[in-house]
Amino acid sequence: MADHLHSHEYWQRLALEEAGLATSGGDVPVGAVVVYEGKVIGRGQNRIERTNDPTAHAELLAIREACAGQGYKRLIGATLYVTLEPCAMCAGAIVLARIDALVYGAADPITGACGSLRNIVQDERLNHQVIVTAGILAEACSDLLKDFFRSKRR
């Protein structure tokens, strides 16, 4: 197996590519990929503005695509890479999909539900907990968001 298949940075760069695509549609640049057995099985980018759907978060879209492709509602053994710490809605979906691991870039102190504001994905009261790795390519993920909001304010 190639070395890049074991690199969080490699997969996070793919999530960053998805985030970059979100801006072309006027959406906040958040991107996500679901990786299973060394392959991307789901991709997502925020599509909230383009679809007028408040649930069209990158994570949910990537999870939906992965489940559809696998033909099953569970993603046991999969890792979700996302550029911004997931919110409560997305954290709930991560748990329900039984994703093994979450890797995110930038922390979200306002709505982050995977360690910042709360930690849904590791709540021991739930029937599934997720391994969390935070801060992978955090500066690049954060800069993308800062640049987007800076341009919106202009």
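What comes next is a walk through the structure. Since the model is a prediction, treat every value here as computed from it, not as a measurement.

Here we come to the overall build of the chain. For the chain, the helix and strand inventory stands at 5 helices and 5 strands. Rg of the C-alpha trace for the chain: 14 Å, near the compact-globule value of 15 Å for 154 residues, within the 12% margin. Counting only C-alpha atoms, the chain reaches 45 × 35 × 30 Å along its principal axes. Put simply, the chain has 154 residues, and 45% of those count as buried. Long-range contacts, defined here as pairs at least 24 residues apart, represent 56% of the contacts in the chain between residues at least 6 apart. A total of about 7,800 Å² of accessible surface is found on the chain, and carbon and sulfur atoms cover 52% of it. Computed over 16 positive and 18 negative side-chain charges, the inter-centroid distance for the chain is 5 Å.

Moving on: the side chain of D108. Within the secondary structure, D108 is located in the loop between β4 (101-106) and β5 (131-134). Among buried charged residues, D108 stands out as having no salt bridge; its nearest opposite-charge side chain is R118, 9.5 Å away. The contacts of D108, once residues within four sequence positions are left out, are L84, E85 and S116.

Let's shift gears to the packing of helix α3 (residues 58-70) against helix α4 (residues 88-96). Two elements in contact, α3 and α4, have axes separated by 9 Å at closest approach and are oriented at 25°. Taken together, the axis directions place α3 and α4 in an arrangement best described as roughly parallel. Note on packing geometry: the crossing formed by α3 with α4 is left-handed. Facing E59, L60 and I63 of α3, the residues of α4 in contact are M89, C90, A93 and I94.

Viewed as axis vectors pointing N to C, helix α1 (residues 8-24) and helix α5 (residues 138-153) meet at an angle of 5°, and their least axial separation amounts to 11 Å. With respect to their mutual orientation, α1 and α5 come out roughly parallel. In this structure, α1 contributes Q12, L16, A19, G20 and T23 to the contact, and α5 contributes A140, C141, L144 and F148. Across the contact of α1 with α5, the residue classes tally to 6 nonpolar, 3 polar and no charged.

By convention here, two paired aromatic rings are described through the distance between centres and the angle between planes. Tallying each qualifying case throughout the model produces 2 aromatic pairs. With a centroid separation of 4.8 Å and 85° between ring planes, the pair formed by Y10 and W11 is classed as edge-to-face. Residue class for W11 comes out buried when judged on its relative accessible area of 4%. On the basis of an interplanar angle of 80° and a centroid distance of 5.1 Å, the ring pair of F148 and F149 is categorised as edge-to-face. A relative accessible area of 36% means that F149 is categorised as partly exposed.

Helix length check: α1 (17 residues) gives 25 Å between terminal C-alpha atoms against 24 Å at 1.5 Å per residue, within 8%. Among all positions of α1, only W11, Q12, L14, A15, L16, E18, A19 and A22 are buried. The inward-facing, buried residues of α1 contact β1 (31-36), β2 (39-45), α2 (48-51), β3 (79-84), β4 and α5.

This brings us to the nonpolar core. Judged by nonpolar contacts, the single largest core of 34 residues is most densely connected at V34, I63, L75, I94 and L102. For this core, the secondary-structure elements that each account for two or more residues are β1, α3, β3, α4, β4 and α5. In terms of residue count, α3 provides more of this core than any other element does, 6 residues in total. Excluding residues that lie within four positions of it along the chain, I63 makes contacts with V34, L75, A93, I94, A97 and I99.

How each quantity is defined
Residues numbered from 1 in each chain as written. Predicted model: local features only at pLDDT ≥ 70, side-chain atom pairs only at ≥ 80, totals over all residues. Heavy atoms only, no water. Helix = DSSP H or I, 4+ residues; strand = E, 2+ residues; numbered from the N terminus. Rg over C-alpha atoms; globule rule 2.2 N^0.38 Å. Buried < 20%, exposed > 50% of the residue type's maximum accessible area, 1.4 Å probe, protein only. Contact = heavy atoms within 4.5 Å. Areas by Shrake-Rupley, 256 points an atom, 1.4 Å probe, with all protein chains shown as cover. Lys, Arg positive; Asp, Glu negative; His and termini not counted. Charge placed at Lys NZ, Arg CZ, Asp CG, Glu CD. Salt bridge = Lys/Arg side-chain N within 4 Å of Asp/Glu carboxyl O. Axes fitted to C-alpha atoms, helices over the stretch in contact; angles between N-to-C directions. Parallel < 35°, antiparallel > 145°, perpendicular 65-115°, else oblique. Left-handed = near helix turned anticlockwise from the far one by under 90°. Nonpolar A, V, L, I, M, F, W, Y, C, P; charged D, E, K, R; others polar. Phe/Tyr/Trp six-rings, centres within 6.5 Å; stacked < 30°, edge-to-face > 60°. Expected span 1.5 Å × (residues − 1). Core = buried A, V, L, I, M, F, W, Y, C linked by side-chain atoms within 4.5 Å.

Interpretation note: all reported values are geometric properties and have no functional meaning in isolation.
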